[in-house]
Structures are given as structure tokens and as C-alpha cells.
Amino acid sequence: MPTIYHHIAALQDTLKPLRSEQRIALVPTMGNLHDGHLELVKMAKQQADIVVVSIFVNPTQFGEGEDFDSYPRTLDEDVAKLATVGADYVFAPSIDEMYPVLPPPTSVLAGAITTQLCGQSRPGHFDGVGIVVSKLFNIVQPDVAIFGQKDYQQLAIIKQLVRDLSYPIEIVGAPIVRAADGLALSSRNQYLSAAERQMAPILHQELQRLAQQLMAGNDQHELKSLLAETQTRITDAGFTIDYLDVRTEQLDAVDNVKSLKENNQKLMILVAAWLGRARLLDNEIVTFN
Ligand code: PAF
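Residues numbered from 1 in each chain as written. Predicted model: local features only at pLDDT ≥ 70, side-chain atom pairs only at ≥ 80, totals over all residues. Heavy atoms only, no water.

### Focus on the packing of helix α1 (residues 8-15) against helix α6 (residues 125-140)
Here's step 1: The N-to-C vectors of α1 and α6 enclose an angle of 45°; their axes lie 9 Å apart at closest approach. On the basis of the axis angle, α1 is oblique to α6. In this structure, α1 uses Ile8, Leu11, Gln12 and Leu15 to contact α6, whose residues at the interface are Asn138, Ile139 and Val140.
Here's step 2: In terms of residue class, the contact of α1 with α6 is made up of five nonpolar, two polar and no charged. (Axes fitted to C-alpha atoms, helices over the stretch in contact; angles between N-to-C directions. Helix = DSSP H or I, 4+ residues; strand = E, 2+ residues; numbered from the N terminus. Parallel < 35°, antiparallel > 145°, perpendicular 65-115°, else oblique. Contact = heavy atoms within 4.5 Å. Nonpolar A, V, L, I, M, F, W, Y, C, P; charged D, E, K, R; others polar.)

Spelled out as C-alpha cells, the structure:
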């Protein structure tokens, strides 16, 4: 069983003598772990000698009216699951331990990357992610940290944070883990009713269809019309789209599909859509070669 720490000082006392000889990986989570999280831990084990998993439902990344209070907290089950994949330490701090002052009067992120896509409909969300991830990096001081690619924008923001604040940490993005029917695994999938769960894979199917169409074409107008068509199909299937967009890998706007294609650059199709109470996030990479 992994050892659980609730206090920063105790975790740091344990890690301090180990870090000179051993490589430490951090897997940050909000708990309620599913197979996608366990894959992150397995990947972390390949990258390091010691794996620390943080479990903290971070209040600063939830907006007003969001699901902070109802977010499932399942520490005992999570720790049992982590034992099956060989995590060494679990860091599960209280809110007071993480935030001496709440909300924290310090911010680490800025710029358009935080206010577009998910940041547009969840103002302040990435400020909360930025502060908690920075704190976790400072507390654990890992050599490597693993994040899921389902939250593609979050991963891009964290890479930017590491670059701009010179954190000596390697950031690894782990592929999306899907259910057999294609739905990307997420703790929030449990908000879906049985009927909604049956419908939910349509979202990924539509992304795959759009990816195929984009691979076949190279016209900028076509991109716009294919996007609009996909938007209609997803809406008609019963989803409420928050955003659906095609961006470069760096999340810049795509203004010339033809030249991106000629340069063998990848495109990202990114979506956030509501189905009942669940806000589903997904993405698909379009490769041209
Ligand atoms: O992706 C998540 O679960 C959270 O945003 C993270 C990175 C653990 C920060 O709270």
C-alpha cells in the first residue's frame, strides 16, 4: 500500500534523503481515480524510481455554481487502486494545508492561453490550476510530472508554466484512455444517466469523422464548413456544445490548412460539450503524413 501523507513537511522529510539517488515522478490528480489515472501512474513508474500521486480537489479551479461540493471524494478506494499499480506515496492535503490564505492573492498565469477554449467558459479555472500545480511542483520537487492529454489545454498551459518559470521538471503527456465504446474516461462521466452514457460516445465518433475529413481536404473554407457541419451533428445528437474548434498543436488559430498540411504539422480538434449534468472534454489529433 502507498504511504499517505496529509502534511507537506512530512512528505518532504521522506522525499529529501531519496532525491539525490532516485528519480521522483509526480502524478497530480483530484482523486476518484479511474483506469485513465492508473495509466498515468504506470507511465510514471516507467519514468522514475519513486511515484508520488497527489489527491486534492482544488477549490481554486472551480467556479461559482460548479461541482466543487459534489465532486466525488473517494480516498480509501483511490489508495487501494494505487496499490495495484505500485504508487509509492499519496499526498492528500487538506485545503488549509494547501492554502494558508484562500483565495490565494498570488497568480502565476497570464495570457490568452488561459482565457480561450475552457478558459472562456470557466473564467479563473486555469489560474486555479496554475497555482495548485506550481505549489505541487514546489512541494514534491519531482523530476518528471505526468498529465493526461484529455485536458489538452491544461497540458499546454503547464508546459508553458514550466518553461517560463524554469521548473527543472520534465512534463509528459499521456494518451487519452477510452472505454471500449470510445468515450474518454473521466471522473465526471458518472454524472451521466444510463441513457446519456449510451449516447456519450457519439462525441468521439464525430471528432474521428471530422479528423478523417480534414485529412482528406486542404481548403480553409472547407475547414469552416466541416466544423459547422460537425457542430450541427453534435448538437442534433443532444449535446450542448461549449466549444468545438480546430487549432494547431500549440493551440494557435488555424489560418492556413494547406501550408500546415504541406509542412506535416498536426492539427488538434478540441471539444467541450454538455450532456445532461456532465461536461465532456475530448480531442483528436489530425496527422497529415
Ligand atoms: O487534471 C486535474 O485533475 C487537475 O486539474 C489537476 C492537474 C490535478 C490540478 O488540480
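### Here's the deal with the packing of aromatic side chains
Here's step 1: According to the stated counting rule, one finds six aromatic pairs in the structure shown.
Here's step 2: Between Tyr5 and Tyr89, the ring centres sit 5.8 Å apart and the planes meet at 65°, which makes this aromatic pair edge-to-face. Of the two residues, Tyr5 is situated in strand β1 (residues 3-5) and Tyr89 in strand β4 (residues 89-91); the sequence distance between them amounts to 84 residues.
Here's step 3: Between Phe137 and Tyr167 the ring centres are 5.3 Å apart and the planes differ by 75°, which places this aromatic pair in the edge-to-face class. Of this pair, Phe137 sits in helix α6 while Tyr167 is found in the loop between α7 (152-164) and β6 (170-174), placing the two residues 30 residues apart along the sequence. There is no split in this pair, since Phe137 and Tyr167 are both buried.
Here's step 4: Taken together, Phe62, Phe68 and Tyr71 form an aromatic cluster joined through their ring pairs.
Here's step 5: The ring of Phe68 is capped by Arg73, whose NZ or CZ atom sits 4.8 Å from the centre of that ring.
Here's step 6: If you follow Arg277 out to its NZ or CZ, it ends over the ring of Tyr191, 4.5 Å from the centre. (Phe/Tyr/Trp six-rings, centres within 6.5 Å; stacked < 30°, edge-to-face > 60°. Buried < 20%, exposed > 50% of the residue type's maximum accessible area, 1.4 Å probe, protein only. Lys NZ or Arg CZ within 6 Å of the ring centre and 35° of its normal.)

### Comments concerning α7
Here's step 1: Its 13 residues place the ends of α7 18 Å apart at the C-alpha level, agreeing with the 18 Å of an ideal helix rising 1.5 Å per residue.
Here's step 2: Judged by how many residues are buried, α7 sits mostly within the fold: ten of 13 residues are covered.
Here's step 3: Restricting attention to buried positions, one finds in α7 the residues Tyr152, Gln153, Gln154, Leu155, Ala156, Ile157, Ile158, Gln160, Leu161 and Val162.
Here's step 4: Looking one or two residues beyond α7, the residue adopting positive phi is Ser166, at roughly 55°. (Expected span 1.5 Å × (residues − 1).)

### A closer look at the site of the ligand
Here's step 1: In the vicinity of the ligand, the contacting residues are Pro28, Thr29, Met30, Asn58, Gln61, Val132, Phe147 and Gln154.
Here's step 2: Within the contact set of the ligand, an oxygen atom lies 2.7 Å away from a side-chain nitrogen or oxygen of Gln154.
Here's step 3: Computed on the free molecule, the ligand has an accessible area of 290 Å², of which 88% lies beneath the protein chains in the complex.
Here's step 4: Per-class residue counts for the shell around the ligand are four nonpolar, four polar and no charged. (Near = heavy atom within 4 Å. Polar contact = N/O pair within 3.5 Å; in protein donor to acceptor, adjacent residues only side chain to side chain. Areas by Shrake-Rupley, 256 points an atom, 1.4 Å probe, with all protein chains shown as cover.)

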